[in-house]
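Listed here are the chains, written in short residue letters.
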Amino acid sequence: MDADDETTAAMIDDEIYANGGGEDEKRNRPIISGEPLDVEAYASLYGGRTKISRLLFVAEQSRGCRNEAMELEALRMAYDEVKKGENTQWFRDVAQKIDGRLGPEYQMDLAWCESVDRRAEQKREKLENELNAYRTNLIKESIRMGYNDFGDFHYSHGQLGDAFKNYVRTRDYCTTSKHIVHMCMSSILVSIEMGQFTHVASYVSKAEQTQEALDPIIVAKLRCAAGLANLEAKKYKLAARKFLDTGHELGNNYNEVIAPQDIATYGGLCALASFDRAELKACILILLSFVFWNKVIDNLNFRNFLELVPEIREVINDFYSSRYASCLDYLGNLKANLLLDIHLHDHLETLYDQIRNKALIQYTHPFVSVDLNMMANAFKTDVAGLEKELEALITDNQVQARIDSHNKILYARHADQRNATFQRALQTGNEFDRDVKSMLLRVNLFKRESNQKQSKKS
Amino acid sequence: MEVLVVNIQGLSTNPGDLPNLHNILKQAHDSLHAESIRLLPLLDMLDPSLHSLGYLYILEACTSSALSKEQASAVVLPTARFMNSCSKEQIQLAPEKFISVCKRFKDYVMQLEAPMRGVAPMLAAIRKIQSSSEHLTPLHPEFLVLCLLSKCYKAGLSILDEDIFEVDQPKDLLLYCYYGGMICIGEKRFRKALELLHNVVTAPMSVITAIAVEAYKKYILVSLIHNGQFSTSLPKYTSSVAQRNLKNICQPYIELANSYTTGKIADFETVAQKYQEKFDNDNNLGLVKQAISSMYKRNIQRLTQTYLTLSLQDIANSVQLNSAKEAEMHVLQMIQDGEIFATINQKDGMVSFLEDPEQYKSCGMIERIDSSIQRIMALSRKLTTMNENISCDPMYLAKVGRERQRFDFDDYDPVPQRFNI
């Protein structure tokens, strides 16, 4: 961070006039310019069910963008993964989507489906018998494990609802806090796959409430899950905090849900959209440490997606140092690949809008007057569009300023508290007047009415 | 008859004799009614200010039966003179007769299609019969109707500016507030109109009346014009019949209000077109047009919050007007009405928006604030007095006593369970 400060000090003169533009030659970092995602590298970051669901999501999105090569690559990998497991429904879906485009090895294999289903049925019967036996014997631990096994069975066959129910049933038979934590983690996993993030939030808090100190990896996993839940609930600030709190101990331990790079990406984007400057600075430091640890642990997997992490850090750094044009440019470049992520997809537009608005607000904040032409330059947009954006922000009360449309200048404007107070006082007086008068009138009417009723009675 | 006249002339001067006179008049009541309009010449023998009570009885008898147009015009002038000059003390002995005379007077004046003739006498009559300036008499609505028909709004305003707290008949209040609302709308005093119409809508009532429905329709439109918004939820103290039924009856107006809040003038105009006949039938078309122009005003006012200067063409574009010329007209009108503070630079076609020059430092403003404080303190005192009065009211205590719990361990209350009066 110190190196950056020194360079910015030297560049201050330039920056006043061309805020953010024309600096690419001063730095030599790789620019991700919409290079297509390396699907294999991406998929290798994950394991378990999420690998397949992410691959399917990528295939779906590529189909929408008419990127057939990527779609087929993703579907091919999905097919291979699904065949290693026991989820016949998924297998059928993938085979259908491939539609014969990948040749004879990737066709619908009904024989395989049937044999897997038969085995599944046998296993189910066996598990059920065992469970009934345990239940009659009333041995708590065995019953718990029985339900757990059932849950695992359903999960591997893609019956998420049943899996969830079975995991939850183990709650009554949990005797130690380890059991409870195990139950919570399983429930969280299933809920994330099902997309029911309210359950995720509640089970995270349940797990965090256990008396014993938790394993740091489990703590990190819980924080991750909480971050995801917040992201889905559009609570970006809380999500960012949770993600950044996760820490490097997580490593690859949670790759059935999320990769460490994702934590940095999600956390970084949410932080950009919602943190103030002090928090943003801390965020940059955390991300720095993140990259360092991951480089140490995992220097085999340096592919495109991984390079995203230092990019996110650079983006935030740019934003923090007010180089808005390059910051927004980079974000634009990253957009295509970020849209392929299963969790970010629905929130990317909102996050980007928030980041852009924050950039505009921060730009105008320190000034008494701002030349709109220079500002349009800094944001690489035209003056008319900029005026419209600023108008929306002013109406929303996020920028305290007014636009001189004739000279194209933005003037900061601070409300006159004294006048406003007088106005409000007079207005409150009038309202009090009006309300009390009608109140007194109504009371008299009521009294008269009840008097009449009384006189009618007597 | 002559005996009667002599009695009146004799006994009117001394206030002690008045009860006596009153009895005589009451006894003569039926014979007077038999004579009816033929009693008119008798009035010439009496002085309305000195012999008010007698004059009143005779006048009442004159007008008791239906009159032809010539007879009506003959009666109108003496009645008017009487209302102007009668003596307050004598009138207060027979208030119902006075009120019925005035009401018939109003009918005749309307029959003769000269409502303006009735305005001043009716105003005088109100003053005579009011027990205090806070008292609402049955003559108030009649007076307001005359003002409305004769378009003498300012005379109506003078009465409306007084606060009403005591009411004889609830129906009078509803009519008074409704007509008062209409007068205020005519004078463009929308805040007062809103207050009055609000009183009608929220008055205690056991059954929905046409007055309440019409008042609600105007209330919606005035609320849009004055506040720029309308909330369909009525306050808690509104009667339950009103809360349940008013919205259903006034559906077109609610739809209009909803399209106003979107801020798109085209939508609003479409809805207005759709129900144009209905609005016309209710005589509210003028208000609807005013609502449309208020929408333009509100949009322009919003611009003053974001811009310091803006070209007329840009104003026209963002407010959905047709040309810069139209925008200039609107802005000019608003500056003249004091709704915005701005200057128009015709050379550049630019408008500069200025801050409200009111600094709240002038003597006038200090006086205004001071008088507001005094007024509110007086009102506050009134409220406290009323609260104390009700707390001592036997009926209230009886009801509260009945609902109190049998045993209160915390505080043994000395109020007895049953409070027999």
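Scroll up for the structure.
Residues numbered from 1 in each chain as written. Chains lettered and ligands numbered in written order. Predicted model: local features only at pLDDT ≥ 70, side-chain atom pairs only at ≥ 80, totals over all residues. Heavy atoms only, no water.

Asker: Would you take a moment to explain the nonpolar core for this structure?
Answerer: The nonpolar side chains of a soluble globular protein tend to be buried, and buried together. In this structure, Leu269 of chain A together with Phe98, Tyr216 and Ile315 of chain B are the most contacted members of the largest nonpolar core, which totals 211 residues. Apart from residues lying up to four places away in sequence, Phe98 of chain B is in contact with Leu56, Phe82, Cys86, Ile91, Ala125, Ile129 and Leu139 of chain B. The next biggest cluster of nonpolar side chains, apart from the first, holds 28 residues, and it includes Ala43, Met70, Val82 and Leu340 of chain A. (Core = buried A, V, L, I, M, F, W, Y, C linked by side-chain atoms within 4.5 Å. Buried < 20%, exposed > 50% of the residue type's maximum accessible area, 1.4 Å probe, protein only. Contact = heavy atoms within 4.5 Å.)

Asker: Before we go on, may I ask you to explain the interface of chain A and chain B in this structure?
Answerer: Note on interface size: it is often stated as the accessible area lost on association of the parts. Counting residues at the interface gives 36 residues for chain A, matched by 45 residues for chain B. Both faces considered, chain A and chain B share a buried interface measuring about 4100 Å² in area, 60% of it formed by carbon and sulfur atoms. The interface formed by chain A and chain B contains four salt bridges. There are 15 residue pairs in polar contact (both at pLDDT 80 or more) connecting chain A and chain B. Broken down by secondary-structure element, the contributors of at least two residues to the side of chain A that touches chain B are α20 (383-395), β2 (401-404) and α21 (417-457) of chain A. With 24 residues, the single largest contributor to the side of chain A that touches chain B is α21 of chain A. (Buried area = accessible area lost by both parts, 1.4 Å probe. Salt bridge = Lys/Arg side-chain N within 4 Å of Asp/Glu carboxyl O. Polar contact = N/O pair within 3.5 Å; in protein donor to acceptor, adjacent residues only side chain to side chain. Helix = DSSP H or I, 4+ residues; strand = E, 2+ residues; numbered from the N terminus.)

Asker: Can you walk me through the packing of helix α4 (residues 48-64) of chain A against helix α6 (residues 88-98) of chain A in this structure?
Answerer: Geometrically, a packed helix pair is captured by the angle between its two axes and the distance between the axes. All names here are of chain A. Closest axis-to-axis distance for the α4/α6 pair is 12 Å, and the angle between their directions is 25 degrees. Taken as axis vectors, α4 and α6 run roughly parallel relative to one another. Regarding α4 and α6, the two cross each other, and that crossing is left-handed. Residues Arg49, Ile52, Ser53, Leu56, Glu60 and Arg63 of α4 pack against Trp90, Val94 and Lys97 of α6. (Axes fitted to C-alpha atoms, helices over the stretch in contact; angles between N-to-C directions. Parallel < 35°, antiparallel > 145°, perpendicular 65-115°, else oblique. Left-handed = near helix turned anticlockwise from the far one by under 90°.)

Asker: I tried to follow the environment of Leu344 of chain A on my own but got confused; where do I start?
Answerer: All names here are of chain A. Following the sequence through the fold, Leu344 ends up in the loop between α17 (324-338) and α18 (348-364). Residue Leu344 is classed as buried on the basis of its relative accessible area, which comes to 0%. Separated by 79 residues in the primary sequence, Leu344 and Thr265 have C-alpha atoms spaced 9.5 Å apart. When sequence neighbours within four positions are dropped, the list of residues in contact with Leu344 reads Leu231, Thr265, Tyr266, Leu269, Leu338 and Leu351.

Asker: Can you walk me through the packing of aromatic side chains in this structure?
Answerer: Any pair of aromatic rings gets described here by the distance separating the centres and the angle formed by the planes. On inspection of all chains with the given rule, the structure shows 22 aromatic pairs over all chains. Note on Phe91 of chain A and Trp112 of chain A: the rings are 4.6 Å apart at their centroids and 45 degrees apart in plane angle, and the pair reads as tilted. Of the two residues, Phe91 of chain A is situated in helix α6 and Trp112 of chain A in helix α7 (residues 110-137); the sequence distance between them amounts to 21 residues. As far as the burial class goes, Phe91 of chain A and Trp112 of chain A line up, both buried. For the ring pair Tyr216 of chain B and Phe230 of chain B, a centre distance of 6.3 Å and an interplane angle of 65 degrees mean the geometry is edge-to-face. Here Phe230 of chain B lies in the loop between α13 (210-227) and α14 (240-249) and Tyr216 of chain B lies in helix α13, a separation of 14 residues in the sequence. With respect to class, Tyr216 of chain B is no different from Phe230 of chain B; both count as buried. Here the aromatic residues Phe319, Tyr324, Tyr363, Phe367 and Phe379 of chain A are joined through ring pairs into a cluster of three or more. Of note, Arg277 of chain A hangs over the ring of Tyr320 of chain A, and the distance from its end group to the ring centre comes to 4.4 Å. In this structure, Arg442 of chain A is placed above the aromatic ring of Tyr237 of chain B, and the distance from its NZ or CZ to the ring centre is 3.6 Å. (Phe/Tyr/Trp six-rings, centres within 6.5 Å; stacked < 30°, edge-to-face > 60°. Lys NZ or Arg CZ within 6 Å of the ring centre and 35° of its normal.)

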